[in-house]
Amino acid sequence: VPSGTGSGSCLGMGARRTPPHGSHGSADISHDADSYPQEVEVGNVEYKLKLVSPTPARFQQLVTQLAYRLAEGRGRAVYLLGVEDDGALHGLCPRDMSASLGTLRRMCGHVSARMVVAAQRTKGVPTGRIAEVRIEQFAECAQVEVRIAVLGSAQAGKSSVVGVLAGGPGALDDGKGSARTLVMRHMHELETGATSSISQQVLGFDGASRLLNWTEELARTTSELCASSSRVMTLLDLCGEGRFLKTTLAGLTAHAPDYALLCVGADVGITAATRLHALLAAGLGVPVVALLCKADVADATSLGNLAEATLRLLAECGLPSPLYLESEAELEAAVLAEPPPFSAHCPCLALPPSGADGGSEDDSGGAEPDAAAA
């Protein structure tokens, strides 16, 4: 199940404002303050005096409000029960607290979320107690999920490919690595351009196989993307440098990818890391798709030589004979062919994309990136 933690995938897409209460949206009700800051309309913290026996219309409003707070918190929200909108502490008696928690639990059921009472406070509360309830949404985004481990040497274009596919129309690369900044998680990664962790990004597809990441100018949150997708593809951007090999191995094993996308940069070619990653994927029985990146920086002769070298590498790793594809039309024809011209269990495809114009070297550019069709 795609999510921001554990197995699955999805880090959030698009910055959200966070409330002023704490680093993780927690109001920390254990302290002795006489009141809290006034509730704000943005963020993932909501104050509720009580939630006792709401009418059906009011209940629907509350569910909509909860969905908004979860979207603001990228799937997480904090509710303070027994607190006025201005932050004043009021408190609830045991009966009203129980009824309010029951209503909140029903609300969670309507947005596929779970709740836990993180803390309760009586000190300084005029009546009864107040409670902090933390809510986390299940990312029940799709019935079908495919996980793809993105492999290859450092500077091969892995993070840029992931950034372009997941980032939407505004994520096309500027030729200097702008697309990879959308998926890198740490400052030192941004400074060096080298991935040192496992970055997870989700691609959402509707019933017509359209890539939903590219249907709007503004990137959707993970929850919004998952809610409107019938199929999800999780991209695991792994490390290319040898010193981070343990992290790469963790991505290939613990995250149980269905396929491996082996990126080969047209400028750096096949390196020792490229060979190692191909061997690891083949040894673990993970089907490999080879992707020739940065095609716009190589001439036709160089690109052809690199393609032949990549095909030889796949053969040396004991992988099935691959099919070399150069355009979206060729890829679509291969996928729709009956029977397909490649092994259903170990497809090995080579496709030369450019993250700068959104298409392959033979395309006019500007449309959705061809690699999305994979």
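Above: the structure in question.
Rules used throughout
Residues numbered from 1 in each chain as written. Predicted model: local features only at pLDDT ≥ 70, side-chain atom pairs only at ≥ 80, totals over all residues. Heavy atoms only, no water. Core = buried A, V, L, I, M, F, W, Y, C linked by side-chain atoms within 4.5 Å. Buried < 20%, exposed > 50% of the residue type's maximum accessible area, 1.4 Å probe, protein only. Helix = DSSP H or I, 4+ residues; strand = E, 2+ residues; numbered from the N terminus. Contact = heavy atoms within 4.5 Å. Phe/Tyr/Trp six-rings, centres within 6.5 Å; stacked < 30°, edge-to-face > 60°. Lys NZ or Arg CZ within 6 Å of the ring centre and 35° of its normal. Salt bridge = Lys/Arg side-chain N within 4 Å of Asp/Glu carboxyl O. Pairing = 2+ DSSP bridges. Right-handed = clockwise from strand over helix to strand, strands pointing away. Polar contact = N/O pair within 3.5 Å; in protein donor to acceptor, adjacent residues only side chain to side chain.

## Examining the nonpolar core
Then comes step 1: In this structure, Leu151, Leu238, Leu262 and Val288 are the most contacted members of the largest nonpolar core, which totals 25 residues.
Then comes step 2: When contributions to this core are tallied by element, the ones reaching two or more residues are β5 (144-152), β8 (259-265), α7 (272-283), β9 (288-293) and α8 (300-316).
Then comes step 3: Among the elements that take part in this core, α8 stands out by supplying 5 residues, more than any other.
Then comes step 4: Apart from the residues lying within four places of it in its own chain, the contact partners of Leu238 are Ala149, Val150, Leu151, Lys158, Thr195, Ile198, Thr248, Gly251 and Leu252.
Then comes step 5: In this structure, Leu81, Met97, Met107 and Ala131 belong to the second largest nonpolar core, which totals 21 residues.

## A look at the packing of aromatic side chains
Then comes step 1: According to the stated counting rule, one finds 0 aromatic pairs in the structure shown.
Then comes step 2: The cationic tip of Arg106 hangs over the ring face of Phe59; the distance from NZ or CZ to the ring centre is 4.4 Å.

## Some remarks on the pattern of salt bridges
Then comes step 1: The final tally for this structure, using the stated rule, is 8 salt bridges.
Then comes step 2: Note that Lys48 is salt-bridged to Glu46, the shortest N-O span being 3.4 Å. Here Lys48 matches Glu46 in class, with each residue buried.
Then comes step 3: Its salt-bridge partner being Glu316, residue Arg275 comes within 3.3 Å of it at the nearest N-O pair. One end of the pair, Arg275, is in helix α7; the other, Glu316, is in helix α8, and 41 residues separate them in sequence.

## Things to note about the pairing of strand β2 (residues 76-81)
Regular strands have side chains that alternate between both faces of the sheet.
Then comes step 1: Among the 6 residues in β2, 5 count as buried, and that is most of the element.
Then comes step 2: Note that strand β1 (residues 45-48) and β2 share 4 bridges and pair parallel. The residue bridging Tyr47 from the neighbouring strand is Leu80, located in β2.
Then comes step 3: Remark: the β1/helix α1 (residues 56-72)/β2 crossover connection has right-handed handedness.
Then comes step 4: Looking at chain direction, β2 and strand β4 (residues 130-137) are connected through 6 bridges and run antiparallel. Its bridge partner being in β4, Ala77 is matched across the sheet by Ile135.

## A short note on the environment of Arg134
Then comes step 1: Note that Arg134 resides in strand β4.
Then comes step 2: On the basis of relative accessibility, which here comes to 41%, the residue Arg134 falls in the partly exposed class.
Then comes step 3: Once the C-alpha coordinates of Arg134 and Leu80 are considered, the two residues, 54 residues apart in sequence, prove to be 8.9 Å apart.
Then comes step 4: At 3.0 Å, the side chain of Arg134 forms a polar contact with the side chain of Glu132.

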